[in-house]
Amino acid sequence: MADTKVLLIIGRGRSGSTLLDNLLGELDGFFSAGELFNVFKRGLVMGHTCGCGRPVASCALWSRVMATALSTPEGVIAPAQVAEWQQQVAGAAADTRRLLKVRSTEGGSAALGPYVSVLGRIYAALAEETGERVIVDSSKRPPHAAYMHLVPGITPYFVQLVRDARAVAFSRARLKHTVDKDMRVEGSASNAIGWMRRNLHSEAVRRRYAPERSLLVRYEDFVAHPQRTLEEIVRVVGEEPGEFPFVGERTATLHPNHSVSGNPSRFETGSVSLRIDDEWLRAQRVKDKLTTTALTWPLLLRYRYSLWPAPGRVAEEAF
Ligand SMILES: [Zn+2]
């Protein structure tokens, strides 16, 4: 059987990864899994909600996938056990660069082997159950992407999604309510450091894996020209672009999905308008803007962001 293609979206939160994941899920041959990394602890142990509106544990699709993936000749593996393996392999202390260098499951922690084989069975079961060829996983975390070369039966592809650090800081300074929890509020210095780290590690992941299987996408370009971005991704993944879900240049039709975790926007269905959210240009506190720029400028320049953006410039730069 051919390998399952897994498309990992990596990068910092509040960069449009959920929207990109859901749009890709509308394409023929693609399944939008959401943040698969969170399926064990948040989805199955804590009872968070699937994109279809049911708790993940009682969603028909995920129940069938987990029944297959967690069954072994030795018995059924408890989701809490997988969450524990995951914590050892890719928890807060995980070192992305070290994981990238691990050559076999023997070379890491004892949890690495059983953990990646569960992941391999999940991706295979998702492909089997949905009949799709590409599983989109918007977990975002670089450590989760860094062991994909060890997951049996898959060919991984990587999209690093980057958004202007000042816009991310503005978004993360606001409380966002979700069905399951409140997304946390973060200060500008902490965000800037997190943004740098996340993007440097995402770059390391893209470099380590074959460059022809990875792509850098700027959120601003994606929102300005969503179909063009989708076409580029489809090309990298080696699929034939079928129908795109757009009814206008920036208006898409979204259907209910089975994404396991992510931004609350994953529950939005019907006609969805994409617009560049540049409120930060007018409403961000000067102190936050300066702090963020001072701490992130080397990467801002590398990703073609102006250090002194003015309102109205973002849309133009996207071209
Ligand atoms: Zn579901």
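Residues numbered from 1 in each chain as written. Predicted model: local features only at pLDDT ≥ 70, side-chain atom pairs only at ≥ 80, totals over all residues. Heavy atoms only, no water.

Undergrad: Describe unusual backbone geometry, naming the residues involved and giving the relevant values.
TA: For residues that are not glycine, phi is negative in most cases, and the peptide bond is trans in most cases. One non-glycine residue, Arg14, adopts positive backbone phi at about 65 degrees. Inspection of the secondary structure puts Arg14 in the loop between β1 (4-11) and α1 (17-25). (Helix = DSSP H or I, 4+ residues; strand = E, 2+ residues; numbered from the N terminus.)

Undergrad: Give a description of the packing of aromatic side chains that names residues and reports values.
TA: The way to describe two aromatic rings as a pair is by their centre distance and the angle between their planes. Inspection of every chain in the model, using the stated rule, returns four aromatic pairs. With a centroid separation of 6.4 Å and an interplanar angle of 65 degrees, the aromatic rings of Phe40 and Tyr115 are classed as edge-to-face. With Phe40 in helix α2 (residues 39-45) and Tyr115 in helix α6 (residues 112-130), this residue pair connects regions lying 75 residues apart in the sequence. Given a relative accessible area of 0%, Phe40 falls into the buried group. Ring plane angle 85 degrees and centroid distance 5.6 Å describe the contact between Tyr115 and Tyr147, whose orientation is recorded as edge-to-face. Of the two residues, Tyr115 sits in helix α6 while Tyr147 sits in the loop between α7 (142-146) and β6 (154-162), which places them 32 residues apart along the sequence. Of the aromatic side chains, those joined through ring pairs into one cluster are Phe40, Tyr115 and Tyr147. Across from the ring centre of Tyr157, 5.9 Å away, lies the NZ or CZ of Arg213, which sits over that ring. (Phe/Tyr/Trp six-rings, centres within 6.5 Å; stacked < 30°, edge-to-face > 60°. Buried < 20%, exposed > 50% of the residue type's maximum accessible area, 1.4 Å probe, protein only. Lys NZ or Arg CZ within 6 Å of the ring centre and 35° of its normal.)

Undergrad: Pulling in residues and values, what's your account of the nonpolar core?
TA: Counting 53 residues, the largest nonpolar core has Phe40, Trp62, Ile122, Tyr123, Tyr147 and Met148 as its most contacted members. Ranked by residue count, the leading element in this core is α6, at ten residues. Setting aside anything within four residues of it in sequence, one finds Phe40 in contact with Val45, Met66, Pro79, Val82, Ala83, Gln86, Tyr115, Val118, Leu119 and Ile122. One finds Leu7, Ile9, Leu24 and Val159 within the second-largest nonpolar core, a separate group that totals 29 residues. (Core = buried A, V, L, I, M, F, W, Y, C linked by side-chain atoms within 4.5 Å. Contact = heavy atoms within 4.5 Å.)

Undergrad: Got a sec to walk through the coordination of the zinc ion? Specific residues and values, please.
TA: Each protein donor to the zinc ion is listed here as Cys50 (SG), Cys52 (SG), Cys59 (SG) and His258 (ND1); together their distances run 2.1 to 2.3 Å. Around the zinc ion, the four donor atoms are arranged such that angles at the metal cover 96 to 119 degrees; this shape is classified as tetrahedral. Each donor residue of the zinc ion lies on the same chain, and together they follow the pattern C-x1-C-x6-C-x198-H. Of this pair, Cys50 sits in the loop between α2 and α3 (60-69) while His258 sits in the loop between β11 (251-254) and β12 (270-273), and the two are 208 residues apart along the sequence. Residue Cys50 is classed as buried on the basis of its relative accessible area, which comes to 0%. (Donors = N, O, S within 2.8 Å, 3.2 Å for Na, K, Ca; no water. Tetrahedral: all angles 85-135°; square planar, octahedral: opposite > 155°, others 65-115°.)

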